[in-house]
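Chain and residue survey
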Amino acid sequence: MALPNKVKLLLEEAEQLCDYKGCMSYFYKWLNNQFSKQPVRLLINARSDFIDTLLQKLFVQTGLSDFEQLALIGIGGYGRGELHPFSDVDFLLLTDGEPNDELRQRLEVFVTLLWDLNLDIGHSVRTHEQVLEQKRQDVHFTTSLLESRLICGNLVEFERLKSHIVKTPIWRSDDFFIAKVNEQRVRRKKCHGTAYNLEPNIKENPGGLRDLQTIFWVAKKHFHAETLEELIGHGYLTHEEYQELMECLENLWNIRFALHLAAGRPENRLLFDYQPHAAELLGFGSEGKPSVERMMKRLFRIMSRVREMNQMLLAYFEQSILPDQDALTVVPLDTHFERIGHKIRVKNPSAFFLRENLLVLFEHIADNPDITDIDPNTIRSVRQVRRRLLGDLQDYAACRDAFMRLLKHPNGMGRAFTLMHKHGLIAAYLPQWRSIFGQMQFDLFHAYTVDEHTHKLINNIHKYRDKQYNKEFPICSEIMTRMDKPELLYLAGIFHDIAKGRGGDHSELGAVDATAFASMHKLTPSDGKLVAWLVEHHLLMSVTAQRKDINDPDVINEFASKVKNERQLDYLYCLTVADIRATNDNLWNDWKNTLLRELYLHAQRALRLGLENPMDMRDQIRDKKAQAIQRLLDAGYEEDRITLLWSRFKANYFTGFSEQQISWHSEFLLSRNDQSCSGVAVSEKPMHGGTQVFVYAPYEASLFAKLVSVIGTKKAQIQHAQVMTTKDGYVVFSFVILEVNGDAISGSRAKNIRRGLESILADPKKKIRLKKNRSHRFKDFNIKPKVILRPHAREDRNLLEIQAVDIQGLLTKIAEVLQLKNLHIHAARITTVGERAEDFFVVSNEQYQALSEDEKSDLHLSLMKKLNAESE
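About the thresholds
- Residues numbered from 1 in each chain as written.
- Predicted model: local features only at pLDDT ≥ 70, side-chain atom pairs only at ≥ 80, totals over all residues.
- Heavy atoms only, no water.
- Helix = DSSP H or I, 4+ residues; strand = E, 2+ residues; numbered from the N terminus.
- Buried < 20%, exposed > 50% of the residue type's maximum accessible area, 1.4 Å probe, protein only.
- Contact = heavy atoms within 4.5 Å.
- Areas by Shrake-Rupley, 256 points an atom, 1.4 Å probe, with all protein chains shown as cover.
- Lys, Arg positive; Asp, Glu negative; His and termini not counted.
- Charge placed at Lys NZ, Arg CZ, Asp CG, Glu CD.
- Pairing = 2+ DSSP bridges.
- Axes fitted to C-alpha atoms, helices over the stretch in contact; angles between N-to-C directions.
- Arc of directions from axis to C-beta.
- Core = buried A, V, L, I, M, F, W, Y, C linked by side-chain atoms within 4.5 Å.
- Phe/Tyr/Trp six-rings, centres within 6.5 Å; stacked < 30°, edge-to-face > 60°.
- Lys NZ or Arg CZ within 6 Å of the ring centre and 35° of its normal.
- Salt bridge = Lys/Arg side-chain N within 4 Å of Asp/Glu carboxyl O.
- Parallel < 35°, antiparallel > 145°, perpendicular 65-115°, else oblique.
- Left-handed = near helix turned anticlockwise from the far one by under 90°.
- Nonpolar A, V, L, I, M, F, W, Y, C, P; charged D, E, K, R; others polar.
- Polar contact = N/O pair within 3.5 Å; in protein donor to acceptor, adjacent residues only side chain to side chain.

Quick look at the overall build of the protein chain now. Tallying secondary structure elements over the protein chain gives 37 helices and 16 strands in all. The principal-axis extents of the C-alpha atoms in the protein chain amount to approximately 100 × 75 × 50 Å. Every one of the 872 residues in the protein chain was classed for burial, and the buried ones make up 56%. Long-range pairs, those at least 24 residues apart, make up 71% of the contacts in the protein chain with a sequence separation of at least 6. Roughly 37,700 Å² of accessible area belongs to the protein chain as shown, and the carbon and sulfur atoms make up 49% of that amount. With 115 positive and 116 negative side-chain charges, the protein chain shows a separation of 2 Å between the mean positions of the two kinds.

In this sheet, strand β3 (residues 121-127) lies alongside strand β2 (residues 89-95) in parallel orientation, the contact comprising seven bridges. Looking across to β3, one finds that Leu92 is bridged to Ser124.

Now for the sheet that holds strand β6 (residues 337-340). Across the sheet, four strands lie side by side as β5-β6-β7-β8; this open sheet has mixed pairing. Either end of the sheet is taken by a strand with one partner, and the two such strands are β5 (330-332) and β8 (373-374). With four bridges joining them, β6 and strand β7 (residues 343-346) adopt antiparallel strand pairing. By the bridge assignment for β7, Arg339 is matched with Ile344. Helix-sheet contacts for helix α16 (residues 376-387) involve β7 and β8, and the interaxial angle to β7 is about 55°.

All of the buried residues in helix α6 (residues 128-137) are His128, Val131, Leu132 and Lys135. Take α6 and look down its axis: the buried residues cluster within an arc of 95°, on one side only. Facing away from the buried side of α6 by more than 90 degrees, the exposed set consists of Glu129 and Gln137.

Our next topic: the sheet that holds β3. Strand order in the open sheet made by the four strands is β3-β2-β1-β4, with mixed pairing throughout. Both edges of this open sheet fall to β3 and β4 (149-153), since each of them pairs with a single strand only. Each neighbouring strand pair of the sheet contributes to a mean axis angle of 25°, computed without reference to strand direction. Along the sheet face, helix α3 (residues 40-61) touches β1 (71-74), β2 and β4 and points at about 30° away from the line of β4. Set on the sheet, α6 makes contact with β2 and β3; between it and β3 the angle comes to about 115°.

In this section: the nonpolar core. Of all hydrophobic cores here, the largest spans 199 residues; its most connected members are Leu55, Phe110, Phe317 and Phe362. A total of 15 residues in this core trace back to one element, the largest contributor, which is helix α14 (residues 289-321). In this structure, Leu55 is in contact with Leu72, Tyr78, Val89, Phe91, Phe110, Leu114 and Ile151, ignoring residues within four places of it in sequence.

Each aromatic ring pair is characterised by the separation of its centres together with the angle its planes make. One pass over the structure, following the stated rule, counts 29 aromatic pairs. Pairing Tyr236 with Tyr316 gives two aromatic rings, centres 6.4 Å apart and planes at 75°, and the pair type is edge-to-face. Of this pair, Tyr236 sits in the loop between α11 (230-233) and α12 (239-263) while Tyr316 sits in helix α14; the two residues are 80 residues apart in sequence, bridging distant segments of the chain. The residues Tyr236 and Tyr316 share a single accessibility class, namely buried. One aromatic cluster is present, built from ring pairs that chain together Phe27, Tyr28, Trp30, Phe50 and Phe86. The ring of Tyr730 carries Arg648 above its face, with NZ or CZ at 5.5 Å from the centroid.

Quick look at the environment of Lys289 now. You can see Lys289 is positioned in helix α14. Judged by relative accessible area, which is 46%, Lys289 ranks as partly exposed. Once the C-alpha coordinates of Lys289 and Pro276 are considered, the two residues, 13 residues apart in sequence, prove to be 7.4 Å apart.

A few words on the pattern of salt bridges. According to the stated counting rule, one finds 47 salt bridges in the structure shown. Notably, a salt bridge pairs Arg269 with Glu199, separated by 3.3 Å at the nearest N-O pair. Separated by 70 residues along the polypeptide, Arg269 in the loop between α12 and α13 (275-281) and Glu199 in the loop between α9 (173-190) and α10 (209-223) bring together distant segments of the chain. With a relative accessible area of 8%, Glu199 lands in the buried category. Across the salt bridge formed by Glu478 and Arg482, the nearest N and O atoms sit 2.8 Å from each other. Highlighted residues: Glu478 and Arg482, both in helix α22 (residues 474-482), separated by four residues, approximately one helical turn. Residue classification places Arg482 among the partly exposed positions, given a relative accessible area of 42%. By sharing partners, the salt bridges in this structure join Glu244, Glu247, Arg305, Glu308, Arg383, Arg386 and Arg387 into a single network.

This brings us to α22. For α22, the complete set of buried residues consists of Ile475, Cys476, Ser477, Ile479 and Met480. As for α22, its buried residues are in contact with α21 (450-463), α23 (486-495), α28 (566-583) and α29 (590-609).

Geometry of a packed helix pair, given as the angle between the helix axes and the separation of the axes. Across the interface, α23 lies against helix α25 (residues 525-536) with an axial gap of 9 Å and an inter-helix angle of 40°. Here α23 is positioned oblique relative to α25, judged by the angle of their axes. For the crossing formed where α23 meets α25, the hand is right-handed. Of the residues in α25, those touching α23 at Leu488, Leu491, Ala492 and Phe495 are Asp527, Leu530, Val531, Leu534 and Val535. Residues belonging to the contact of α23 with α25 are distributed by class as follows: eight nonpolar, no polar and one charged.

All right, on to the packing of α21 against α28 then. Where α21 meets α28, the closest approach of the two axes is 8 Å, and the angle between their N-to-C directions is 130°. By the criterion of interaxial angle, the relationship of α21 to α28 is oblique. Between α21 and α28 the crossing geometry is right-handed. Here His453, Lys456, Leu457, Asn460 and Ile461 of α21 lie close against α28, whose contacting residues are Leu575, Ala578, Asp579, Arg581, Ala582 and Thr583. When the residues that make up the contact of α21 with α28 are grouped by side-chain class, the tally is five nonpolar, three polar and three charged.

A separate point is the side chain of Arg383. Summarising the element assignment, Arg383 is placed in helix α16. Side-chain polar atoms of Arg383 contact the side chain of Glu308, separated by 2.8 Å. Each residue touching Arg383, except ones within four places of it in the same chain, is listed here: Glu241, Glu244, Glu308, Met309 and Met312.

This is the structure we're talking about:
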């Protein structure tokens, strides 16, 4: 695309630095304005042309053109003539020998001018010999040279360089191919192997621009092809595939261009901050979340296509470039399929006229652990058949039979399911899966698209059967060994989120889908009901564990009554663990593991006792005391002293803590000469999934706020908090704290936290300074504070739920309001995901009763006022 006349004129007349800056400012405004009017290819070419003209003019103006043997050569993306609004400008200054002092000075002036113009440049000054030496050592540099072009200077020197690049066998085709494939493997590993991270890198993620460029680089090196279109003539690409690649490239360019405009700087990660603006620039609308979800679904689907094409074409290249491919052993599998090396291959594409063979392909993968991938010819055939399908694969009875065989196969939901997902066969089988394919969840809780999250969940369930994960999932692994129909658990996993994005309750809608699937696939009525129940209640266990007091017998009995029997409890527990682990890499930790395990064991015991015979609180207290006192007697403490100490505590203390915690608290208090003094204990080892903090002090309403402030200043995360008063005017605080990364806190860090808490007990008037440190990174999520008051299992208390942006000191601010309202905090559970805090408090009023309607209204108003002020 030709540069606008005004830009040309401004460049021609520019003499001073300010002139060039004014010209660049005008050009960038023009680029921004033209984005919605011109094809993106023309705009990225236009910026390359603009930089060409700018460099050529400065080359002359700084006197570099006086040196006849000097050549300025564009490399990398600039060498291709492709520059997005803020892309780096990479170039090589090639000389016929070491530059003299005069040339060095002029080169410094030239480069300094470019820096002063705020251009991100990557430059080097090299002789021919230095270029060849660097080419020998660095495949990245070799790759950039493949795309070099002369910007200005000596044409003969440039042609000489191009000749050396082609003729010198420093990087042979096979070495170059292996290097680029390894490079891609490392790059993908950094992205956790998935293209479906919700803040994807447009260049580096699997299915991103680098995957397309890798295809082109290998083709250019081996086939000396100048364009991808030339691969059609070499028989490696069909015309339709070429058109598809160009369409994907154009789409990725559009999104990257919009990202640069939204960020106002060179940025390749489509961060949450930039997504709404980018979506608007791309024409997806300005409604915020819906616009972003439309854009991201488009992006993820494009990346899936690119990733599949990349795999197919690199496999073709491998067969052509690496000579040992012909020596691979061919092993027949059945009439239609064979194994060649570690890949499965269809003998004749016509086999897929029988649609069930699309699924039989994956049955063979499940049967043969030596098969790790699919032959490129077979991928091409699957792609062609997939596009020509009329209806869904589940419409065919033979396909339904094959799918159920795969579900029941011990390895069917491992690599086979992963490859089915990767190559679009799950979406071809289940129409509902197509709706969640690439479906983003625009929140701070989920790290992956709905389909990728579900895929990870299925993989987690499959790991339960793998012996190497027995220690990681001991209860789940044990349950799976005795589970009569594990395929029902897999089905629940497939359908648990399948109704996301439709509106309404996705659990209820998913249960309806699961019921229809069960009927179509002729599951027994009881099996169909189990799958539907699991889908409808897949959040029950995580919500109960994280929001309720699982030491309360009433909570356990209520949960057990919903679960109904041990079989459903087993299935639900395995599904819940797999679900949480697949949601966010940072979400799972020992604390959550402990919560779920204890809830499972408590519910299992309640079900075995019988729901008609719930465990009485007195029985629970008696059992805990018996176990705790034995620990203390073994440690050398006298029974009379233990009994006297425990007489000061109310019954809720013994129901609210485990026997391990009770004995630890008691040992700390009994070891001190004066039990009337305040004290702090921090566990040396993790206990119940985290570092335990125990604080004992005379009751003071403001103390909770001060303690959480101290912990906040130490950059520790509070996962759980309990507050209980004694019969004689003291108060017990118990916190479970973790590092930001989810690890338990130990060593000097734990001692430092203990000293900080002790200092506030020693000097209650001490000021605690908290820095206001809210990140603006997620401002576009528009997380509005929520305050919800619900009834509690105990009639004299309320459950207070608060959702807000997590800022440093948030818990302190909440505690200050509760203190101002003279409310008693009996327990607290603190959850932070990304920048969202979800905090739960059990409270009562000054008279230790549930809040009246007026008190609820007043509390709600005060908290909302405080939270809104803090979030601004």
